[in-house]
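Working through the structure, step by step
These are the residues of each chain, in order.
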Amino acid sequence: MTRHTGGCQCGAVRYEVDCSLDDPVACNCSRCQKLGSILVFAPREAFRLLTDEAALAEYRFNREVIRHLFCRTCGIESFSLGEMPDGTRMVAVNVNCLDGVEPRSLSPRLVDGRSF
């Protein structure tokens, strides 16, 4: 695990997360595909929001179990919160929003989220 910082485009949302970039995911669900997200996952305890939560708006869809959080100012979704199938609280971090990371240098594993 490596500590990364990240956030939205305008800087109103900032966070740090301890995560690995070894197994990024590109999902084809109706949301991720349209956003172009490349995701890595970390335990919720490894994530720290550095700015006020009031800067975030929330969107839920389908089974409404994932909290898709995005900046109220610029609209960028840099992370979301949910649970793994075993109930472990996790954060899904959009690698495109991590400082100093070139997501195009990664080889994301394709996930068929459209079928879930």
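What you see is a predicted model; the values in this text were computed from it and never measured. (Residues numbered from 1 in each chain as written. Predicted model: local features only at pLDDT ≥ 70, side-chain atom pairs only at ≥ 80, totals over all residues. Heavy atoms only, no water.)

1. What about the side chain of Ser 37?
As for its position among the elements, Ser 37 is in the loop between α1 (32-35) and β4 (39-43). Excluding residues that lie within four positions of it along the chain, Ser 37 makes contacts with Val 25, Ala 26, Cys 32, Asn 94 and Asn 96. (Helix = DSSP H or I, 4+ residues; strand = E, 2+ residues; numbered from the N terminus. Contact = heavy atoms within 4.5 Å.)

2. Some remarks on the side chain of Asp 18
Counting through the fold element by element, Asp 18 comes out in strand β2 (residues 14-19). Side chain to side chain, Asp 18 and Arg 48 meet in a polar contact 3.2 Å long. Among all residues touching Asp 18, those that are not within four sequence positions of it are Met 1, Thr 2, Arg 3, Ala 42, Ala 46 and Arg 48. (Polar contact = N/O pair within 3.5 Å; in protein donor to acceptor, adjacent residues only side chain to side chain.)

3. Brief notes about the sheet that holds strand β5 (residues 47-49)
Pairing is antiparallel in the open sheet, where three strands are placed in the order β1-β2-β5. With one partner strand each, in any of the chains shown, β1 (2-7) and β5 form the two edges of the open sheet. Between one strand axis and the next, the sheet turns through 15° on average, direction left out of account. (Pairing = 2+ DSSP bridges. Axes fitted to C-alpha atoms, helices over the stretch in contact; angles between N-to-C directions.)

4. Focus on the environment of Ile 66
Tracing the backbone through its elements, the reader meets Ile 66 in the loop between β6 (56-59) and β7 (67-71). By relative accessible area, which is 33% here, Ile 66 ends up partly exposed. It is 20 Å that separates the C-alpha atoms of Ile 66 and Gly 6, two residues lying 60 residues apart in sequence. Setting aside its immediate chain neighbours within four residues, Ile 66 contacts Tyr 59, Arg 60, Ser 80 and Leu 81. (Buried < 20%, exposed > 50% of the residue type's maximum accessible area, 1.4 Å probe, protein only.)

5. Here's the deal with the pattern of salt bridges
Inspection of every chain in the model, using the stated rule, returns 10 salt bridges. With a closest N to O distance of 2.5 Å, Arg 14 and Asp 99 form a salt bridge. Here Arg 14, found in strand β2, pairs with Asp 99, found in the loop between β9 (89-94) and β10 (109-111); they are 85 residues apart in sequence, far enough to count as distant. Note that Arg 31 and Glu 77 form a salt bridge whose closest N and O atoms lie 2.7 Å from each other. You can see Arg 31 sitting in the loop between β3 (25-27) and α1 and its partner Glu 77 sitting in the loop between β7 and β8 (79-83), a full 46 residues away along the chain. Residue classification places Arg 31 among the buried residues on the basis of a relative accessible area of 18%. Using a relative accessible area of 10% as the deciding quantity, one classes Glu 77 as buried. Overlapping salt bridges bring together Arg 3, Glu 16, Asp 18 and Arg 48 as one network. (Salt bridge = Lys/Arg side-chain N within 4 Å of Asp/Glu carboxyl O.)

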